[in-house]
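# Coordinate analysis (summary)
In case you want the letters, here they are:
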Amino acid sequence: MLLACCRILAQTLLLAGACTLLAGCAHGGGTLGYYWQSLRGHLALLHAARPVPEWLAEPDTPAPLRQRLELALQAREFASRVLALPDNASYRRYARLDRSAAVWNVVAAPPWSLTLHTWCFPVTGCIGYRGYFAQEDANAEGRRLAQQGLEVSVYPVPAYSTLGYSNWLGGDPLLSTFIGWPEGDFVRLLFHELAHQQAYAGGDTRFNESYATAVERLGVQQWLDARGDAAVRQQYERSEERRRQWRALTQQTRARLSAIYESKQALAQDWQALAAMKSDAMREFAERYARLRADWVERQGVAPQQLASLDRWVQGANNASFAAQGAYDDLVPAFMALFAREGRDWPRFHAAVRALAAAPQGERETRMRELSQP
């Protein structure tokens with residue numbers, strides 16, 4: 001995930017001069033207060049991080065953490081050598097946090113639309129989410145948006161990217177919030193975050209997240225093929241099967257909601273009819289998830305606690321959560337097609353993505369639609 005305001009870390013002199021001003025505004029929900037909590041939170045995270053070799057050299061580092069940090073170094077080297085992802089300071093340090101998430105993201109959407117509310121920043125452009133280092137701040141922003149009539153979702157994020165702008169400070173670190181994930185899922189997330197440092201289109205959340213998702217899916221498959229660990233591959237494939245089923249379910253529900261919001265009832269502003277159709281779509285979504293969940297638990301032996309985050313997602317599902325999910329999925333087929341078109345050559349693929357990112361948004365969207373055609 002990208003935490004947009006952190007890109008201003010590159011503007012060192014501006015930040016140094018602004019800190020005193022921002023500190024006086026940190027209590028509010030305004031732009032300056034938001035920048036201040038972001039800067040303060042990210043610097044605290046960097047301060048907690050230490051180079052991985054230091055953790056490995058300490059005799060009291062727990063064996064599971066030691067093994068995972070060694071794996072992280074291997075995955076980091078693989079990312080640069082094989083996937084042509086940036087070879088820099090990021091993910092070579094580790095921070096143990098005293099919380100369950102790196103940040104909490106806030107997303108919002110109107111009651112009859114799947115278009116995300118956006119926040120605009122001077123460097124990243126307009127993006128469809130806002131990240132907070134304290135959950136209570138994210139909840140407060142969510143309440144503010146709900147009072148404006150928007151549907152809101154607040155969710156935990158295990159990692160985020162500063163797009164390489166904090167590499168001079170030691171880079172984005174590995175975090176305790178995801179270090180213990182199963183190998184395939186852990187490596188997948190690492191590749192996703194590094195992809196954000198390779199190509200970025202200002203103001204185009206869907207493009208950026210779909211690109212990083214394509215990189216993670218392609219990259220983790222190459223990683224697993226190279227490692228040759230059958231048990232890890234099997235574990236990842238079971239996890240990926242659940243993700244495929246989940247993606248299919250949410251994509252179908254998004255399509256149904258979109259059709260409702262573009263229907264003749266919407267054109268006639270028949271809100272009662274729209275509400276009934278929307279309620280039916282949400283109920284069917286929850287019922288289909290319940291059947292999927294039962295299958296996962298009974299057939300795959302998934303422990304119910306492993307599904308707690310999805311359970312919460314389904315319980316609070318609304319336009320905002322569906323729209324945010326779409327940002328990670330919608331353009332992935334186009335990027336997969338682009339990867340194939342570039343001969344599955346990673347440097348050529350990344351260069352092609354950077355060229356798309358640099359193009360005007362209208363031209364970029366047209367070219368992505370063309371890539372999505374069968």
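Heads up: these notes are all about the structure in this document. (Residues numbered from 1 in each chain as written. Predicted model: local features only at pLDDT ≥ 70, side-chain atom pairs only at ≥ 80, totals over all residues. Heavy atoms only, no water.)

### Here's the deal with the overall build of the protein chain
Helix and strand counts for the protein chain come out as 15 helices and eight strands. For the protein chain, the C-alpha radius of gyration of 21 Å lies close to 21 Å, the compact-globule estimate for 374 residues. In terms of its C-alpha atoms, the protein chain occupies a principal-axis envelope of roughly 65 × 55 × 40 Å. Contacts in the protein chain between residues far apart in sequence, at least 24 positions, make up 74% of those at least 6 positions apart. (Helix = DSSP H or I, 4+ residues; strand = E, 2+ residues; numbered from the N terminus. Rg over C-alpha atoms; globule rule 2.2 N^0.38 Å. Contact = heavy atoms within 4.5 Å.)

### Considerations on the state of the cysteines
One pass over the structure, following the stated rule, counts one disulfide. Between the sulfur of Cys-120 and that of Cys-126 lies a disulfide, 1.8 Å long from S to S. Residues Cys-120 and Cys-126 are joined by a disulfide whose S-S torsion is about 100 degrees; by sign, that bridge is right-handed. (Disulfide = S-S within 2.5 Å.)

### Observations concerning the environment of Ala-273
With respect to the secondary-structure elements, Ala-273 resides in helix α10 (residues 271-299). When its relative accessible area of 23% is taken as the criterion, Ala-273 is described as partly exposed. As for Ala-273 and Ile-260, which are separated by 13 residues in sequence, their C-alpha atoms are 9.6 Å apart. (Buried < 20%, exposed > 50% of the residue type's maximum accessible area, 1.4 Å probe, protein only.)

### Regarding the side chain of Asn-208
Relative to the helices and strands, Asn-208 is located in helix α7 (residues 205-227). Those residues in contact with Asn-208 that sit more than four places away from it in its chain are His-196, Tyr-200 and Ala-201.

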